[in-house]
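# Structure at a glance
What follows is the residue order along each chain.
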Amino acid sequence: MLATRVLRAASGPKPNITGFNMRHFKEAAGQPRYDPWERSEAWRYEGPFTRWNRFNTALPGLGIGSGAFAVYCAYEYFFLDDGHHGHGEGHGDEKHH
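How each quantity is defined
- Residues numbered from 1 in each chain as written.
- Predicted model: local features only at pLDDT ≥ 70, side-chain atom pairs only at ≥ 80, totals over all residues.
- Heavy atoms only, no water.
- UniProt positions renumbered as here; feature names shortened; annotations may be inferred.
- Helix = DSSP H or I, 4+ residues; strand = E, 2+ residues; numbered from the N terminus.
- Buried < 20%, exposed > 50% of the residue type's maximum accessible area, 1.4 Å probe, protein only.
- Areas by Shrake-Rupley, 256 points an atom, 1.4 Å probe, with all protein chains shown as cover.
- Patch = residues over 30% accessible without salt bridge, like charges linked within 9 Å, V, L, I, M, F, W, Y side chains within 5 Å.
- Salt bridge = Lys/Arg side-chain N within 4 Å of Asp/Glu carboxyl O.
- Phe/Tyr/Trp six-rings, centres within 6.5 Å; stacked < 30°, edge-to-face > 60°.
- Polar contact = N/O pair within 3.5 Å; in protein donor to acceptor, adjacent residues only side chain to side chain.
- pLDDT = per-residue confidence, 0-100.

Looking at an unreviewed UniProt entry, one finds the protein named NADH-ubiquinone oxidoreductase B12 subunit family-domain-containing protein, with Stachybotrys elegans as its source organism. What UniProt records for the protein under Sequence similarities (unreviewed entry) is the sentence "Belongs to the complex I NDUFB3 subunit family." Per UniProt, the protein has the following entry under Subcellular location (unreviewed entry): "Mitochondrion inner membrane".

Once that is clear, we can look at the overall build of the protein. For the protein, the helix and strand inventory stands at 5 helices and 0 strands. Reading the protein from its N end, one meets helices and strands in the order α-α-α-α-α. With 97 residues in all, the protein has 0% of them scored as buried. Just so you have it, the protein exposes about 10300 Å², and 60% of that area is on carbon and sulfur atoms.

All right, on to a nonpolar patch on the surface then. On the surface, Phe69, Tyr72, Tyr75, Tyr77, Phe78, Phe79 and Leu80 cluster together into a nonpolar patch covering about 920 Å² of accessible area. By relative accessible area, Leu80 is classed as partly exposed at 41%.

Bringing the packing of aromatic side chains into the picture now. The tally for this structure, following the rule as stated, stands at 5 aromatic pairs. Consider the rings of Phe20 and Phe25, whose centres lie 5.8 Å apart with planes at 45 degrees: the pair is tilted. For Phe20, a relative accessible area of 46% corresponds to the partly exposed category. Taking the centre distance of 5.5 Å and the plane angle of 80 degrees together, the rings of Trp43 and Phe49 count as edge-to-face. On the basis of relative accessible area, Phe49 is assigned to the partly exposed category, the value being 38%.

To continue, consider helix α2 (residues 22-29). Residues that lie three or four places apart on an α-helix share one face, since the helix turns once every 3.6 residues. Judged by how many residues are buried, α2 sits mostly at the surface: 0 of 8 residues are covered. If you check the start of α2, you find a side-chain oxygen 3.1 Å away from the backbone N of Arg23, and it comes from Asn21. Count one or two residues on from α2 and you reach Gly30, which has phi positive near 60 degrees.

All right, on to the pattern of salt bridges then. Inspection of every chain in the model, using the stated rule, returns 1 salt bridge. Salt-bridge contacts for Glu41 lead to Arg44; the nearest nitrogen and oxygen are separated by 2.7 Å. Overall, the relative accessible area of 39% leaves Arg44 in the partly exposed class.

Low pLDDT marks regions whose predicted coordinates should not be analysed in detail. Put simply, the protein has an average pLDDT of 79, and 78% of its residues get 70 or more. When mean pLDDT is compared element by element in the protein, helix α5 (residues 62-79) scores highest at 95, while helix α1 (residues 3-11) scores lowest at 70.

This is the structure:
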């Protein structure tokens with residue numbers, strides 16, 4: 001390493017010649033009291049763009065599909081024959097050619 005780099009590293013951080021400190025600036029600025037774009041951005045969170053409407057339209061057929069599937073499962077359970085009764089009797093007795 002060069003001797004100048006060693007001396008620079010030993011001297012600590014480089015002094016700020018402008019005197020401007022970004023951290024102090026952000027702390028002093030805080031939250032603005034008035035947002036000039038607030039009215040222009042309000043449409044994004046009202047009407048059809050509310051959080052509930054965005055969630056509701058993300059999966060449009062989920063409610064109807066879930067209901068129809070539940071009705072079909074109930075119908076199948078109570079009214080359809082599962083086809084397993086009597087099927088196993090005599091199955092292994094015959095030889096297939």
